[in-house]
Amino acid sequence: GAPGVISVITAKDIQSYGAMDLRDLLMRLPNTYIFMTSLFRDSVTSFRGGNARGSDNHELILLNGRPMREGFNGTITAPIYRNIPLEIIEKIEVIRGPGSVLYGTNAFSGVINIVTKKPTEKMDASITGGYGSFNTAFTSASASQKVDDVELLVAGRALNSTGWNFEAKVLRGVLVSQD
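Quantities reported herein were computed from a predicted structural model and do not represent experimental measurements.

Quick question: what am I supposed to make of the overall build of the chain here?
Counting secondary structure elements, the chain contains four helices and 12 strands. Taking all 179 residues of the chain together, 37% fall into the buried category. Sequence-distant contacts, at least 24 apart, represent 52% of the contacts inside the chain between residues at least 6 apart. Approximately 10600 Å² of the chain is accessible, and the part contributed by carbon and sulfur atoms is 54%.

It is not clear to me how the environment of leucine 29 should be interpreted in this structure. Could you clarify?
With respect to the helices, strands and loops of the structure, leucine 29 is situated in the loop between helix 2 (22–26) and strand 2 (32–35). Residue leucine 29 is classed as buried on the basis of its relative accessible area of 12%. In sequence terms leucine 29 and isoleucine 9 are 20 residues apart; their C-alpha atoms lie 8.9 Å from each other. Not counting residues up to four positions away in its chain, the partners in contact with leucine 29 are Ser7, Ile9, Val94 and Arg96.

How should the pattern of salt bridges be read in this particular structure?
Where charged atoms from two side chains of opposite charge come close, those side chains can pair. What the rule picks out here adds up to three salt bridges. Measuring nitrogen to oxygen at the nearest pair gives 3.2 Å for the salt bridge that ties glutamate 93 to lysine 91. You can call glutamate 93 partly exposed: its relative accessible area is 24%. Between lysine 118 and glutamate 151 there is a salt bridge, with its nearest N and O atoms 3.8 Å apart.

Looking at this structure, I do not really get unusual backbone geometry. What am I missing?
Note: most peptide bonds trans; most residues except glycine with negative phi. Positive phi outside glycine occurs at asparagine 64, with the angle close to 55 degrees. Relative to the helices and strands, asparagine 64 is located in the loop between strand 4 (59–63) and strand 5 (66–67). One non-glycine residue, asparagine 135, lies in the positive phi region at around 55 degrees. By secondary structure assignment, the location of asparagine 135 is in the loop between strand 8 (124–132) and strand 9 (136–147).

About the cut-offs
- Residues numbered from 1 in each chain as written.
- Predicted model: local features only at pLDDT ≥ 70, side-chain atom pairs only at ≥ 80, totals over all residues.
- Heavy atoms only, no water.
- Helix = DSSP H or I, 4+ residues; strand = E, 2+ residues; numbered from the N terminus.
- Buried < 20%, exposed > 50% of the residue type's maximum accessible area, 1.4 Å probe, protein only.
- Contact = heavy atoms within 4.5 Å.
- Areas by Shrake-Rupley, 256 points an atom, 1.4 Å probe, with all protein chains shown as cover.
- Salt bridge = Lys/Arg side-chain N within 4 Å of Asp/Glu carboxyl O.

So, in structure tokens, the structure goes:
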């Protein structure tokens, strides 16, 4: 059987939500939660409470249908959640439920497919920026154009934050956090 619960976030939704990053968008979906570990902030997605571990190996992230994994162990996804420019996204398809048979490894609890906008023959460019708590500042830029049979989409995002006041210590084998 195929997974049964599908949510779609459109480009219009992205504009109206006022989200700063992909994490903010996904947190609006039912039964979806993104949490942090002591090493990586906002690095683990959990659908229906199915992933309570420190590695993001239960949800598969796709970009235009192709898997996105980092080279260390395939489970550090915080850079994806924080740094994809939202203005290049046409829609986000989220399938909650087991999809490993259809999509492969890491699709145990669900799949997040980020579909980018298609470049047109008219040059499209944008620059956005924002500032928030903990001295968090970001700048995002993108440009796209279709020339003959070549579609070009270039995008980038710079993010800087002093973060939250967090310190982790190991006391007798137990991890204790302090704010």
